[in-house]
Amino acid sequence: MPFDEMNHDGKVREAYAAVASWLAANDIDTLRERHAEAEAIFRKIGITFAVYGEGGDPERLIPFDLIPRVFSAAEWEIIDSGVKQRAKALNLFIHDVYNDQEIFKSGVVPTAIITGNDAYLSSMEGFSPPLNVYAHIVGIDLVRTGPDEFFVLEDNARTPSGVSYVLENRSTMMRLFPDLFTGGLVRPVDGYPDLLRNTLSECAPPACSGTPTLVVMTPGHFNSAYYEHSFIADEMGVNLVTGSDLFVDDGLVFMRTTTGPERVDVIYRRIDDAFLDPRAFRKDSTLGVPGLMEAYLAGGVTLVNAPGTGVCDDKAIYCYLPEIIEFYLGEKPILPNVPTYRCAEPDEYAYAMEHMSELVFKEVHGSGGYGMLIGPAATKAEIAAYAARVKENPRAFIAQPTLSLSTSPTLVEAGIAPRHIDFRPFALVGKEVRLTPGGLTRVAMREGSLVVNSSQGGGVKDTWVLST
Amino acid sequence: MLSRVAEHLFWIGRYVERAEAVARMVDAARRMTALPARVGWEESNEWASVLIAAGARETFGKSLEDVEPRAAIHHLMYDRSNPSSVSSCFTNARENGRAIRFALTQDCWEALNTAWSEMRHMPGDIAQGGALTNLIEWVKAKSAAFRGTMYGTMLRGDGYDFLRMGMAVERTDTTARLLDVKYHVLLPSVSDIGSAPDHYQWMSLLQAAGAQRAYYAVKHADLTARGVAEFMILEPRFPRSILYNLRQAERTVMELEEFYGQRSACHEAVSGAGERLENTTIDSIMQFGLHEFITEVIERNNEIANLLGETYGFAPAVEEDSPSEDVSGQ
């Protein structure tokens, strides 16, 4: 039996006392009605993720589950310190990779993991961004297997998404069930936009004097996370721009406004490196701004996250994160990794291939739950087909034991039933590392499923961090 | 404000008005084809004339010789291959809104989103008889709902002005086009001008513009071709008249100038156009030629829109469906 976050050893865990009495006071029909209300709110506000080109509804709702996921204050302290530690180490690592490369010289991490990495940008070599921060916004995916067992599943240091759901889920819960939040039991999450604005402002470029002008940059409203882009910009009270709104002049970046060009100092860009600047990267990109990279490297503008941060978050680097934390911070990791077999290493490869039906295989450069093999759930034919792919290029794969992910009570068709969940808190890195008490809890809506990605039918829950 | 945001707002205003105008044109054709006086000249071509006036001649793709009403209605109301169909207008208005989601109030956004979503879930071919009347009323209600939320909830500032500018520009254009429907509807012979069918066709136009009672209230006189044209072009109090909307555009341009403390390049064009109309009479318009006059109004109106875009940094104009092209046909 997997660990259930609410019901453990035949008792309701202490942190869930309020949720339990709330559930006792609301029957299933009431919950379903409220759930329909919540969906209507999401639909009306337009909180959707866009899926174009697959047919069907181009704008879909992410299933929202009413039953909150709860962390006690003590649990949160562990997560908070562990995530901050990891975000710091990731930034120190990226700086080292693009500058002195001490970690390679010392032999702690093999240079090979960088040389074959598409996310490595040679144009970043020798460059130090403001405050030496590269990954300003980091999403760390965590899973839990027992009362005290947390593991890091993945680091997201490029353009992690999901924070709009953290805020909207809470605001919807507060609208539907105001009584739940009286008395200050749950720590608020709505400080996030302020924290983000402060973080971005702290990282203003050398060329900026005075109050920095911030913008959020989106690839456009066909992007699946467009709602989030516009939401974040609005919450911070800054402009949401597309590439065509910006231009570079004499090493500085400007946006086109109805009163003429206006200087831009910090760009929180939600667009991949490859599309940022057709002059520096993909020439066919119409989403970017010609000359942006040059302006960045000359200190005319700050890009958030920095280009090239992807070197730290693929699954080949992930395996070395415990060593990386220890190397830069002299500390043991507060949140451990999931044990990982690197198919690039002959011994580990041999073990992984012998135990395919017990392991989860992932592509080193993959994301979003695509291209995975979940051994225990796969047919013999699926395993054989996947094995052929791994044999062809072992370096491109890792394998991990299937963890018994914790479950949380979830409202499903049959009533309230346990479903597997994970958790993504968001760290903001500026002069200091800041964390909003909460994050995105994703839930696999199908019984027994371990895949929580929204692209694969996963849902979300409000996440509570208790104040005491 | 970002220039792109201003541009999206301008186009939301245009598309919402255009959806309503296309529905009103369909309404005019529907009324004309239902006229009892039509007996004896069944060969008339109301649907072809509406397709031309709505700028949909190209996209309709079929000969206008013998237009099947069902096909015309489908193309004007539902067909996404027609960029000015009601369905396209509501979709475009909503896409423009989504691109600047938070420059609109929640209520304005919901009005756009609801129109789009309801239209999407409609069966595509209910547009006959009573169902068509209901559909036309529904379009007018959705357009009114957007205007209502806009007046009721938006901050009075540059964003509001760009929306209103789009609306005024579009109304000038569509009232001109609505009048042109009559031009394109051929009467059986010249001697029929001033006849019963002619009279009823003018009345249909007036009704489609929702102006029948207003007409009598202002004119205290019988309905005449000259009277209807005068009312729809020159009546300063009628909110769909060309003069009213040119003056509205002028007021809005001046508000923008005040807001930005900067003169706008379209100032001369917009006040010139209004002035020219104020100094003319329906007789001299008729003498010049109603169709020719309308073509000129549409061209000047486009010029105003282009200069507005130039002043506030809209992307260089890509004429989606240049109206003058279609209107000058026949």
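Reading guide: rules and limits
- Residues numbered from 1 in each chain as written.
- Chains lettered and ligands numbered in written order.
- Predicted model: local features only at pLDDT ≥ 70, side-chain atom pairs only at ≥ 80, totals over all residues.
- Heavy atoms only, no water.
- Phe/Tyr/Trp six-rings, centres within 6.5 Å; stacked < 30°, edge-to-face > 60°.
- Buried < 20%, exposed > 50% of the residue type's maximum accessible area, 1.4 Å probe, protein only.
- Lys NZ or Arg CZ within 6 Å of the ring centre and 35° of its normal.
- Axes fitted to C-alpha atoms, helices over the stretch in contact; angles between N-to-C directions.
- Helix = DSSP H or I, 4+ residues; strand = E, 2+ residues; numbered from the N terminus.
- Parallel < 35°, antiparallel > 145°, perpendicular 65-115°, else oblique.
- Contact = heavy atoms within 4.5 Å.
- Nonpolar A, V, L, I, M, F, W, Y, C, P; charged D, E, K, R; others polar.
- Salt bridge = Lys/Arg side-chain N within 4 Å of Asp/Glu carboxyl O.
- Polar contact = N/O pair within 3.5 Å; in protein donor to acceptor, adjacent residues only side chain to side chain.
- Pairing = 2+ DSSP bridges.
- Expected span 1.5 Å × (residues − 1).
- Core = buried A, V, L, I, M, F, W, Y, C linked by side-chain atoms within 4.5 Å.
- Domains from an automatic or database assignment.
- Buried area = accessible area lost by both parts, 1.4 Å probe.
- Left-handed = near helix turned anticlockwise from the far one by under 90°.

### Overview of the packing of aromatic side chains
Any pair of aromatic rings gets described here by the distance separating the centres and the angle formed by the planes.
Reasoning step 1: Here the structure, examined in full by the defined rule, presents 29 aromatic pairs over all chains.
Reasoning step 2: Aromatic side chains Phe247(A) and Phe254(A) sit 5.6 Å apart centroid to centroid with 20° between the ring planes, which places their arrangement in the stacked category.
Reasoning step 3: Take Phe247(A): its relative accessible area is 22%, and that puts it in the partly exposed class.
Reasoning step 4: Using a relative accessible area of 16% as the deciding quantity, one classes Phe254(A) as buried.
Reasoning step 5: Linked through ring pairs, Phe10(B), Trp11(B), Tyr15(B), Phe162(B), Phe259(B), Tyr260(B), Tyr312(B) and Phe314(B) together constitute an aromatic cluster.
Reasoning step 6: When the ring centre of Tyr320(A) is taken as reference, the NZ or CZ atom of Arg342(A) above it lies at 4.3 Å.

### Looking at the packing of helix H9 (residues 196-208) of chain B against helix H10 (residues 212-219) of chain B
All names here are of chain B.
Reasoning step 1: Where H9 meets H10, the axes come as close as 7 Å, and the angle between the chain directions of the two elements is 105°. When the axes of H9 and H10 are compared, the pair comes out roughly perpendicular. Of the residues in H10, those touching H9 at Met203, Leu206 and Gln207 are Gln212, Tyr215 and Tyr216.
Reasoning step 2: For the contact of H9 with H10, a count of residues per class yields four nonpolar, two polar and no charged.

### Considering the pattern of salt bridges
Reasoning step 1: Taken as a whole and assessed by the stated rule, the structure comprises 48 salt bridges over all chains.
Reasoning step 2: The closest approach of N and O atoms between Arg442(A) and Asp422(A), which form a salt bridge, is 3.0 Å. Placement of Arg442(A) in strand E23 (residues 440-444) and of Asp422(A) in strand E20 (residues 415-424) is noted, with a sequence separation of 20 residues between them.
Reasoning step 3: Residue classification places Asp422(A) among the buried positions, given a relative accessible area of 3%.
Reasoning step 4: The salt bridge partner of Glu20(B) is Arg24(B), with a shortest N-O separation of 3.0 Å. Of this pair, Glu20(B) and Arg24(B) both sit in helix H1 (residues 3-33), four residues apart, which is roughly one turn of that helix.
Reasoning step 5: With a relative accessible area of 11%, Arg24(B) lands in the buried category.

### Overview of the interface of chain A and chain B
Reasoning step 1: Taken together, the contact pairs 28 residues of chain A with 24 residues of chain B.
Reasoning step 2: Viewed at the interface, chain B and chain A are joined by one salt bridge.
Reasoning step 3: We note a salt bridge from Arg4(B) to Asp245(A), for which the minimum N-O separation is 2.6 Å.
Reasoning step 4: Put simply, chain A and chain B have twelve residue pairs in polar contact (both at pLDDT 80 or more) between them.
Reasoning step 5: Of all the secondary structure elements, the ones that give two or more residues to the side of chain A that touches chain B are helix H2 (28-45), helix H8 (226-236), strand E9 (239-241) and strand E11 (252-257) of chain A.
Reasoning step 6: Per-element accounting of the side of chain A that touches chain B gives the leading share, five residues, to H8(A).
Reasoning step 7: Taken together, the residues of the side of chain A that touches chain B sort by class into eleven nonpolar, ten polar and seven charged.

### Remarks on the sheet that holds strand E10 (residues 246-249) of chain A
All names here are of chain A.
Reasoning step 1: Strand order in this open sheet of three strands is E10-E11-E12, and the pairing throughout is antiparallel. The outermost strands of the open sheet, each flanked by one partner alone, are E10 and strand E12 (260-264). In this sheet, adjacent strand axes meet at a mean angle of 40° when their direction is disregarded.
Reasoning step 2: Taken together, the four bridges between E10 and E11 define a ladder with antiparallel strand orientation. The partner of Asp249 across the bridge, within E11, is Leu252.

### Quick notes on helix H12 (residues 242-260) of chain B
Reasoning step 1: The first and last C-alpha atoms of H12(B) sit 27 Å apart over 19 residues, in line with the 27 Å expected at 1.5 Å per residue.
Reasoning step 2: Phi turns positive, to about 60°, at Gly261(B), one or two residues after H12(B).

### Notes on the nonpolar core
Reasoning step 1: One finds Ile267(A), Phe146(B) and Ile233(B) to be the most contacted residues of the largest nonpolar core, which totals 175 residues.
Reasoning step 2: With 16 residues, the top contributor of residues to this core is H1(B).
Reasoning step 3: Residues in contact with Ile267(A), not counting those within four places in the same chain, are Val215(A), Met217(A), Leu246(A), Val253(A), Leu292(A), Val301(A), Thr302(A), Leu303(A) and Val304(A).
Reasoning step 4: One finds Phe49(A), Val163(A), Leu240(A) and Leu411(A) within the second-largest nonpolar core, a separate group that totals 57 residues.

### A closer look at unusual backbone geometry
Residue and element names in this part refer to chain A.
Reasoning step 1: The peptide bond linking Val304 to Asn305 adopts the cis configuration, its omega dihedral lying at -10°.
Reasoning step 2: Locating Asn305 in the fold gives a position in the loop between strand E14 (302-304) and helix H11 (315-318).
Reasoning step 3: In the Ramachandran plot, Gln101 falls in the positive-phi region, its phi being about 55° despite a non-glycine side chain.
Reasoning step 4: Tracing the sequence through the fold places Gln101 in the loop between helix H3 (73-98) and helix H4 (102-105).

### Some words on the pairing of E23(A)
Remark: a regular strand shows side chains that alternate across the two faces of the sheet.
All names here are of chain A.
Reasoning step 1: Within E23, five of the five residues are buried, leaving the element largely enclosed by the surrounding structure.
Reasoning step 2: Of the two faces of E23, the one carrying Leu440, Arg442 and Ala444 and the one carrying Thr441 and Val443 are both buried.
Reasoning step 3: As judged from the four bridges shared by E20 and E23, these two strands associate in the antiparallel manner. Its bridge partner lying in E23, Arg424 is registered against Leu440.
Reasoning step 4: Direction of pairing for E23 relative to strand E24 (residues 458-465): antiparallel, over a ladder of four bridges. Counted as the bridge partner of Val443 is Gly459 from E24.

### As for the sheet that holds strand E16 (residues 359-363) of chain A
Within a beta sheet, neighbouring strands are joined by backbone hydrogen bonds and run either parallel or antiparallel to one another.
All names here are of chain A.
Reasoning step 1: Read across the sheet, four strands follow the order E15-E18-E16-E17 without closing on themselves; strand pairing throughout is antiparallel. A single partner strand is all that each edge strand has here, and the edge strands are strand E15 (341-342) and strand E17 (373-374).
Reasoning step 2: For E16 and strand E18 (residues 397-401), the ladder comprises five bridges, and the chain directions are antiparallel. The partner of Val360 across the bridge, within E18, is Gln400.
Reasoning step 3: Across the sheet, helix H14 (residues 380-392) is in contact with E16, E17 and E18; its angle to E16 comes to roughly 45°.

### Points about the domain arrangement of chain A
A common way to report how large an interface is uses the accessible area buried once the components associate.
Residue and element names in this part refer to chain A.
Reasoning step 1: Entries for chain A in the domain assignment read domain 1 (7-205 + 301-336 + 404-465) and domain 2 (341-401).
Reasoning step 2: Each of domain 1 and domain 2 has a C-alpha centre, and the two are 25 Å apart.
Reasoning step 3: Buried surface at the junction of domain 1 and domain 2, both sides included, amounts to about 1,200 Å², of which 52% is carbon and sulfur.
Reasoning step 4: At the junction of domain 1 and domain 2, the tally comes to zero salt bridges.
Reasoning step 5: Along the contact surface separating domain 1 from domain 2 lie one residue pair in polar contact (both at pLDDT 80 or more).

### Points about the packing of H12(B) against helix H13 (residues 267-278) of chain B
All names here are of chain B.
Reasoning step 1: In the contact formed by H12 and H13, the axes pass within 9 Å of each other and the chain directions differ by 150°. When the axis of H12 is compared with that of H13, the two are roughly antiparallel. Seen along the crossing, H12 lies across H13 with a hand that is left-handed. On the side of H12, the interface is formed by Ile242, Leu243, Leu246, Arg247, Ala249, Glu250, Val253, Met254 and Glu257, while H13 contributes His267, Val270, Ser271, Ala273, Gly274, Glu275, Leu277 and Glu278.
Reasoning step 2: By residue class, the composition of the contact of H12 with H13 is nine nonpolar, three polar and five charged.

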